[in-house]
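Overview (structure and organization)
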Amino acid sequence: MNLKELYQEIILDHGKNPRNLKKSENFNKDAKGHNPLCGDKVHVFLKIDEDKKISDISFEGSGCAISMASASIMTDLMKEKNEKEVKELISDFLDMIKHNPELKSKNLDDNEKTKLMSLSGVKQYPMRVKCATLAWHTLTSAINNSQNETNSEKLD
Amino acid sequence: MMIENIKKQFPIFSNKVQNNDLVYLDSANSSQKPQVVVDRIYDFYTKEFSNVGRSVHYLAVAATNLYEETRTLMQKYINAKDPNEIVFTKGATEAINLVANTFGQKFLKEGDEILLTELEHHSNYVPWHYLRRSKGIQIKFAEINSDGEISLESIERQINRNTKMIAITHLSNVTGAILPIKEITQLAHSKNIPVLVDGCQGAPHLKLDMQDIGCDFYAISCHKMYGPTGLGILYAKKKWLEALPPYQGGGGMIKEVNKEGITFGDLPNKYEAGTMATAQVIAFGESIKFLNKIGIENIENHESELTKYGEEVLRRNNSVKLVGNPKNKGSVLSFTLDGIHPHDIATILDEDGVAIRAGHHCCQILHDKLGLPATARASLGVYNTKEDIDKLNESINKCKDIFSK
């Protein structure tokens, strides 16, 4: 275990000053997520253009540094990506958080990779993995127009 | 009281937890187990095991006697009038479900009200909630004051002619408030309303006298009382156990069974259907003996001194905000830290071997009222020391360091 790895500078920065923490104007998709065990809540808003590109993404919510940082980094990264790229990135991120040592995506620059990999420290803390993945599962629900609230207890 | 000698009786403290000495501050969640309790389970299974109350062979008779011995020990521990007023359950949750279910079935109708408080653990709310749907009852909540206490007046305000049961905690697992349960019972009885006390946090820490308190039901969690998991106790006045219908049907709780019908067994068998948690009951007898040996007054004094010390230390720490400030307080220290979420606190403390709980502690109604999504909670047991509190404070400072970067 390594606390420094978990609470590194990027996480603390995004956790304390989350980017895109607002309700997007003119959003056309949204979904809510909830972690009933710790009370983390997230509401993701998306504006997807006709060419299936995310022109705006934001979130509202409250939670621990890990869940806030994860939502903040995720929303930063998804802007201007198309739906297919977003889905690939979500599955790449979730695989990395659970078992893969690295990200596989070719569509990320080094800076983006560093930001995402800053969350990899939660691997050592099984109880906290759900904090890191909540926003990502909620984004999937938003894209799929799922009406059900994402409940972290019902996910892998 | 030689607290170091007490700590030595708990084998968990002689092992390292992730290379740290364990600073266990999660006893409100579940307490650690003394060696005598662990040994008793081993001895029973290796030398004395048999099912109770059925066979006539030597082991069965001996096991039955041991099982009943715990009932009598418990009766004396809480000064109940009769050993048959002690019913073993799978936990305090089942004890409350038993009362809500059987009382609801027999005595409640549409429009009746159950009075709870905003301090209640989900296990003293959810069982009553079912009766909203099945019986059309209403649930009212007595409100806390700004110190996180429930006064007699706040209970009185919510009582009306529809109130059919008052179900309250003895000691809040979040604010630590100790409720005036004797006065509440007197008030309730003056209006012919029975009282159920959720004693999960009361029983391990406070001297109990059922005949003095006078409540109708008192639910106990044995694993919070230095005993095994999977075991709870329902104390209920005999008149209620006689009046209420059985909770579950099965072997052991019947008198006569034939194709036309069934007659139910006498107390306490009526409420103990199926094979019970025999080894746990027998081992729990050792927990009671352990508590008796130290003396509940000594435990009260030790924990009260430690709680005061904890409050002082945490109040001196600028960023810490204690949750609730009850005048009559049990050994629970719930707190928040400016700008740091309780789950981050718990993870950072864990790195130093300091085990606390973070979250809503199964009290979402209270957390909504307090406007807090979660709190961090350090809760004390008989084995805790001032050094444990100091270690907690040091680790809290470490959280502040990490988050100040």
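Criteria and thresholds
Residues numbered from 1 in each chain as written. Chains lettered and ligands numbered in written order. Predicted model: local features only at pLDDT ≥ 70, side-chain atom pairs only at ≥ 80, totals over all residues. Helix = DSSP H or I, 4+ residues; strand = E, 2+ residues; numbered from the N terminus. Expected span 1.5 Å × (residues − 1). Bend = angle between axes of the 7 residues up to and from the residue. Buried ≥ 20, exposed ≤ 12 C-beta atoms within 10 Å, placed from the backbone. Contact = placed C-beta atoms within 7 Å. Nonpolar A, V, L, I, M, F, W, Y, C, P; charged D, E, K, R; others polar. Core = buried A, V, L, I, M, F, W, Y, C linked by C-beta atoms within 7 Å. Pairing = 2+ DSSP bridges. Right-handed = clockwise from strand over helix to strand, strands pointing away. Axes fitted to C-alpha atoms, helices over the stretch in contact; angles between N-to-C directions. Parallel < 35°, antiparallel > 145°, perpendicular 65-115°, else oblique. Domains from an automatic or database assignment.

Residue and element names in this part refer to chain A. Compared with the 21 Å implied by 1.5 Å per residue over 15 residues, the 22 Å span of helix H6 (residues 129-143) between its first and last C-alpha is a close match. Taking the largest bend as the criterion, H6 deviates by roughly 30 degrees, centred on Ala135. Taken across its 15 residues, H6 has 13 buried, putting it largely inside the fold. Phi turns positive, to about 55 degrees, at Asn145, one or two residues after H6.

Where interface size is quoted, it is often the accessible area lost as the parts come together. At the junction of the two partners, chain B supplies 14 residues and chain A supplies 16 residues. Where the side of chain B that touches chain A is concerned, the elements lending two or more residues are helix H12 (342-351) and helix H14 (386-404) of chain B. Here the side of chain B that touches chain A gets 5 residues from one element, more than from any other, and that element is H12(B). Residue classes in the side of chain B that touches chain A are distributed as 5 nonpolar, 6 polar and 3 charged.

Our focus in this paragraph is the nonpolar core. Core analysis: the biggest nonpolar cluster contains 143 residues, and B:Phe217, B:Ile233 and B:Tyr235 have the highest contact counts within it. Of all the elements, H6(A) adds the most residues to this core, at 9 residues. Here B:Tyr235 is in contact with B:Ile78, B:Ala80, B:Glu85, B:Ile86, B:Met210, B:Phe217 and B:Tyr218, once residues within four sequence places are set aside. Judged by nonpolar contacts, the second largest core, of 5 residues, contains B:Ile6, B:Phe10, B:Val382 and B:Tyr383.

On to the pairing of strand E7 (residues 163-169) of chain B, then. Residue and element names in this part refer to chain B. By the criterion of burial, E7 is predominantly enclosed, with 6 of the 7 residues buried. Relative to E7, strand E5 (residues 113-117) runs parallel, the two sharing 3 bridges. Of the residues in E7, the one forming a bridge with Leu115 is Ile166. One crossover worth recording links E7 to the parallel strand E8 (residues 195-198) by way of helix H7 (residues 181-190), and it is right-handed.

With that settled, consider the packing of helix H2 (residues 9-16) of chain A against helix H3 (residues 65-78) of chain A. Residue and element names in this part refer to chain A. Packing of H2 against H3 leaves a shortest axis separation of 7 Å and a crossing angle of 85 degrees. In terms of orientation, H2 and H3 fall into the roughly perpendicular class. Between H2, through Ile11, Leu12, His14 and Gly15, and H3, the contact on the second element is made entirely by Ala65, Ile66, Met68, Ala69, Ser72 and Ile73.

What follows concerns the environment of A:Met68. All names here are of chain A. Among the structural elements, Met68 can be located in helix H3. With 26 C-beta atoms counted inside 10 Å, the residue Met68 sits in the buried group. The spatial distance from the C-alpha of Met68 to the C-alpha of Gly15 is 5.1 Å, given a sequence separation of 53 residues. Look past the residues within four positions of Met68 in its chain and what remains in contact with it is His14, Gly15, Pro18 and Gly63.

This paragraph deals with unusual backbone geometry. What you tend to see is this: most non-glycine residues have negative phi, and most peptide bonds are trans. Residues and elements named next belong to chain B. The omega angle of the peptide bond from Leu267 to Pro268 is -5 degrees, so this bond is cis rather than trans. Relative to the helices and strands, Pro268 resides in the loop between strand E12 (262-264) and helix H10 (278-294). Its identity as a non-glycine residue notwithstanding, Gln18 has a phi of 50 degrees, on the positive side. Looking at the secondary structure, you find Gln18 in the loop between strand E1 (16-17) and strand E2 (20-21).

This paragraph deals with the domain arrangement of chain B. Residues and elements named next belong to chain B. Taken domain by domain, chain B holds domain 1 (3-27 + 295-404) and domain 2 (38-292). On a C-alpha basis, the centres of domain 1 and domain 2 stand 28 Å from each other. Contacts between the two partners involve 24 residues from domain 1 and, on the opposite side, 22 residues from domain 2. At the level of secondary structure, the elements contributing two or more residues to the side of domain 1 that touches domain 2 comprise helix H11 (296-316), strand E14 (332-337), helix H13 (364-370) and strand E17 (375-379). Top element by residues in the side of domain 1 that touches domain 2 is H11. It accounts for 5 residues. Among the residues forming the side of domain 1 that touches domain 2, the class breakdown is 10 nonpolar, 8 polar and 6 charged.

This part is about the sheet that holds strand E1 (residues 29-35) of chain A. All names here are of chain A. If you walk across this open sheet you meet the 4 strands as E3-E2-E1-E4, and the pairing is mixed. Of all strands in the sheet, those bounded by a partner on one side alone are strand E3 (54-62) and strand E4 (150-151). In this structure, E1 lies alongside E4, joined through 2 bridges in parallel fashion. Within E4, the position partnered with Gly33 by the bridge is Thr150. Across the face of the sheet, H6 comes into contact with E1, strand E2 (40-48), E3 and E4 while running at roughly 150 degrees to E1.

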